[in-house]
Amino acid sequence: QVQLVESGGGLVQAGGSLRLSCAASGDTLSNYAMGWFRQAPGKEREFVAAISRSGSVRNYADSVKGRFTISRDNANNIMYLQMNSLKPEDTAVYLCAADWRGMVLTPRPDEYDYWGQGTQVTVSS
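Residues numbered from 1 in each chain as written. Predicted model: local features only at pLDDT ≥ 70, side-chain atom pairs only at ≥ 80, totals over all residues. Heavy atoms only, no water.

S.K.: Could you give an account of the overall build of the protein chain, with specific residues and numbers?
M.R.: Within the protein chain, the regular secondary structure consists of zero helices and eleven strands. Traced from its N-terminal end to its C-terminal end, the protein chain shows the element sequence β-β-β-β-β-β-β-β-β-β-β. For the protein chain, the spread of C-alpha atoms along the principal axes amounts to about 40 × 25 × 25 Å. Across the 125 residues that make up the protein chain, the buried fraction comes to 45%. Relative to all contacts within the protein chain whose residues are 6 or more apart in sequence, the contacts with residues 24 or more apart total 59%. A distance of 5 Å separates the average location of the 12 positive side-chain charges in the protein chain from that of its 12 negative side-chain charges. (Helix = DSSP H or I, 4+ residues; strand = E, 2+ residues; numbered from the N terminus. Buried < 20%, exposed > 50% of the residue type's maximum accessible area, 1.4 Å probe, protein only. Contact = heavy atoms within 4.5 Å. Lys, Arg positive; Asp, Glu negative; His and termini not counted. Charge placed at Lys NZ, Arg CZ, Asp CG, Glu CD.)

S.K.: If you had to explain the state of the cysteines to someone new, which residues and values would you point to?
M.R.: What we call a disulfide is simply a covalent bond connecting the sulfur atoms of a pair of cysteines. Applying the stated criterion across every chain yields a total of one disulfide. The disulfide partner of Cys22 is Cys96, and the S-S distance across this bridge is 2.1 Å. Linking Cys22 and Cys96, the disulfide has an S-S dihedral of approximately 65 degrees and is accordingly described as right-handed. Linking Cys22 in strand β3 (residues 18-25) with Cys96 in strand β9 (residues 92-100), this pair joins segments that are 74 residues apart in sequence. Cys96 matches Cys22 in its accessibility class, with the two residues each being buried. (Disulfide = S-S within 2.5 Å.)

S.K.: I'd like to hear about the sheet that holds strand β1 (residues 3-7), residue by residue, with values.
M.R.: Within a sheet, adjacent strands bond to each other through the backbone by hydrogen bonds, running parallel or antiparallel. As summarised here, the arrangement of the four strands in space is β1-β3-β8-β7, forming an open sheet in which the pairing is antiparallel. Edge positions in the sheet fall to β1 and β7 (68-73), since each has one partner strand and no second. Ignoring which end each strand starts from, the neighbouring axes of this sheet average 15 degrees apart. (Pairing = 2+ DSSP bridges. Axes fitted to C-alpha atoms, helices over the stretch in contact; angles between N-to-C directions.)

Structural data, given as C-alpha coordinates:
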(Lines give C-alpha, C1' and ligand atoms only; values in the text may rest on other atoms or scores of the structure.)
Protein backbone atom coordinates (compact mmCIF):
# COMPACT_ATOMS: atom_id res chain seq x y z
CA GLN A 1 0.00 0.00 0.00
CA VAL A 2 1.43 3.34 -1.07
CA GLN A 3 1.18 6.61 0.84
CA LEU A 4 1.17 9.86 -1.13
CA VAL A 5 2.08 13.37 0.03
CA GLU A 6 1.74 16.43 -2.17
CA SER A 7 3.72 19.65 -1.81
CA GLY A 8 4.55 22.78 -3.75
CA GLY A 9 1.23 24.58 -3.76
CA GLY A 10 0.84 28.25 -2.96
CA LEU A 11 -0.34 31.66 -4.10
CA VAL A 12 0.82 32.89 -7.51
CA GLN A 13 -0.19 35.65 -9.90
CA ALA A 14 -1.82 34.87 -13.21
CA GLY A 15 0.83 33.97 -15.75
CA GLY A 16 3.13 32.54 -13.11
CA SER A 17 4.39 29.03 -12.53
CA LEU A 18 4.41 26.40 -9.81
CA ARG A 19 5.80 22.89 -9.57
CA LEU A 20 3.89 20.37 -7.51
CA SER A 21 5.47 17.23 -6.12
CA CYS A 22 3.92 13.95 -5.03
CA ALA A 23 6.20 11.86 -2.84
CA ALA A 24 5.39 8.19 -2.45
CA SER A 25 6.30 5.83 0.38
CA GLY A 26 5.42 2.31 1.41
CA ASP A 27 5.74 0.83 -2.08
CA THR A 28 7.62 1.26 -5.33
CA LEU A 29 6.18 4.02 -7.47
CA SER A 30 6.80 2.10 -10.68
CA ASN A 31 4.01 -0.30 -9.64
CA TYR A 32 1.47 2.48 -10.26
CA ALA A 33 0.13 4.56 -13.05
CA MET A 34 -0.21 8.03 -11.59
CA GLY A 35 -2.53 10.97 -11.99
CA TRP A 36 -3.12 14.53 -10.91
CA PHE A 37 -6.61 15.80 -10.17
CA ARG A 38 -7.98 19.06 -8.84
CA GLN A 39 -11.06 20.10 -6.96
CA ALA A 40 -12.41 23.61 -6.53
CA PRO A 41 -14.99 24.49 -3.86
CA GLY A 42 -18.44 23.29 -4.85
CA LYS A 43 -17.16 21.45 -7.92
CA GLU A 44 -16.50 17.83 -8.75
CA ARG A 45 -13.00 16.38 -8.78
CA GLU A 46 -11.49 17.06 -12.19
CA PHE A 47 -8.84 15.15 -14.12
CA VAL A 48 -5.69 17.14 -14.87
CA ALA A 49 -3.04 14.71 -16.14
CA ALA A 50 -1.89 11.09 -15.98
CA ILE A 51 1.36 9.27 -16.62
CA SER A 52 2.09 5.62 -17.30
CA ARG A 53 4.17 3.46 -14.99
CA SER A 54 7.32 3.93 -17.09
CA GLY A 55 6.62 7.58 -17.84
CA SER A 56 6.49 6.98 -21.59
CA VAL A 57 2.80 7.88 -22.01
CA ARG A 58 1.16 11.05 -20.72
CA ASN A 59 -2.40 12.34 -21.04
CA TYR A 60 -3.73 15.80 -20.26
CA ALA A 61 -7.06 17.49 -19.85
CA ASP A 62 -7.74 19.91 -22.70
CA SER A 63 -7.88 22.78 -20.21
CA VAL A 64 -4.21 22.34 -19.25
CA LYS A 65 -2.67 20.96 -22.44
CA GLY A 66 0.35 22.99 -23.48
CA ARG A 67 0.65 24.65 -20.06
CA PHE A 68 1.13 21.74 -17.62
CA THR A 69 3.67 18.91 -17.75
CA ILE A 70 3.46 15.70 -15.75
CA SER A 71 6.63 13.73 -15.05
CA ARG A 72 7.93 11.07 -12.69
CA ASP A 73 11.19 9.91 -11.14
CA ASN A 74 10.69 6.25 -10.25
CA ALA A 75 14.19 5.92 -8.80
CA ASN A 76 13.27 8.50 -6.16
CA ASN A 77 9.58 7.60 -5.83
CA ILE A 78 8.31 11.02 -6.78
CA MET A 79 5.99 12.55 -9.37
CA TYR A 80 5.77 16.15 -10.52
CA LEU A 81 3.34 18.56 -12.13
CA GLN A 82 4.96 21.61 -13.70
CA MET A 83 2.33 24.31 -14.13
CA ASN A 84 3.07 27.31 -16.37
CA SER A 85 0.95 30.23 -17.59
CA LEU A 86 -1.38 29.78 -14.65
CA LYS A 87 -4.89 31.23 -14.80
CA PRO A 88 -7.33 32.12 -12.01
CA GLU A 89 -9.51 29.20 -13.12
CA ASP A 90 -6.66 26.84 -12.18
CA THR A 91 -7.32 27.66 -8.52
CA ALA A 92 -8.12 24.43 -6.67
CA VAL A 93 -6.81 21.78 -4.32
CA TYR A 94 -4.52 19.54 -6.35
CA LEU A 95 -4.36 15.85 -5.47
CA CYS A 96 -2.15 13.06 -6.72
CA ALA A 97 -3.48 9.54 -7.14
CA ALA A 98 -2.09 6.07 -7.80
CA ASP A 99 -3.61 3.30 -9.90
CA TRP A 100 -2.07 -0.03 -8.83
CA ARG A 101 -0.76 -1.99 -11.83
CA GLY A 102 -2.61 0.47 -14.06
CA MET A 103 -2.12 -0.57 -17.68
CA VAL A 104 -4.34 2.05 -19.33
CA LEU A 105 -4.31 5.71 -18.31
CA THR A 106 -7.71 6.82 -17.12
CA PRO A 107 -9.26 10.22 -16.29
CA ARG A 108 -11.82 8.63 -13.95
CA PRO A 109 -11.16 9.28 -10.25
CA ASP A 110 -12.87 6.04 -9.23
CA GLU A 111 -10.23 4.04 -11.15
CA TYR A 112 -7.49 5.20 -8.78
CA ASP A 113 -6.72 3.25 -5.62
CA TYR A 114 -4.75 5.67 -3.43
CA TRP A 115 -4.90 9.42 -2.90
CA GLY A 116 -2.88 12.12 -1.23
CA GLN A 117 -4.39 14.82 0.97
CA GLY A 118 -3.92 17.60 -1.57
CA THR A 119 -2.12 20.91 -1.84
CA GLN A 120 -3.82 24.27 -2.41
CA VAL A 121 -3.04 26.28 -5.52
CA THR A 122 -4.41 29.81 -5.69
CA VAL A 123 -3.95 31.98 -8.78
CA SER A 124 -4.75 35.66 -8.39
CA SER A 125 -5.82 37.86 -11.30
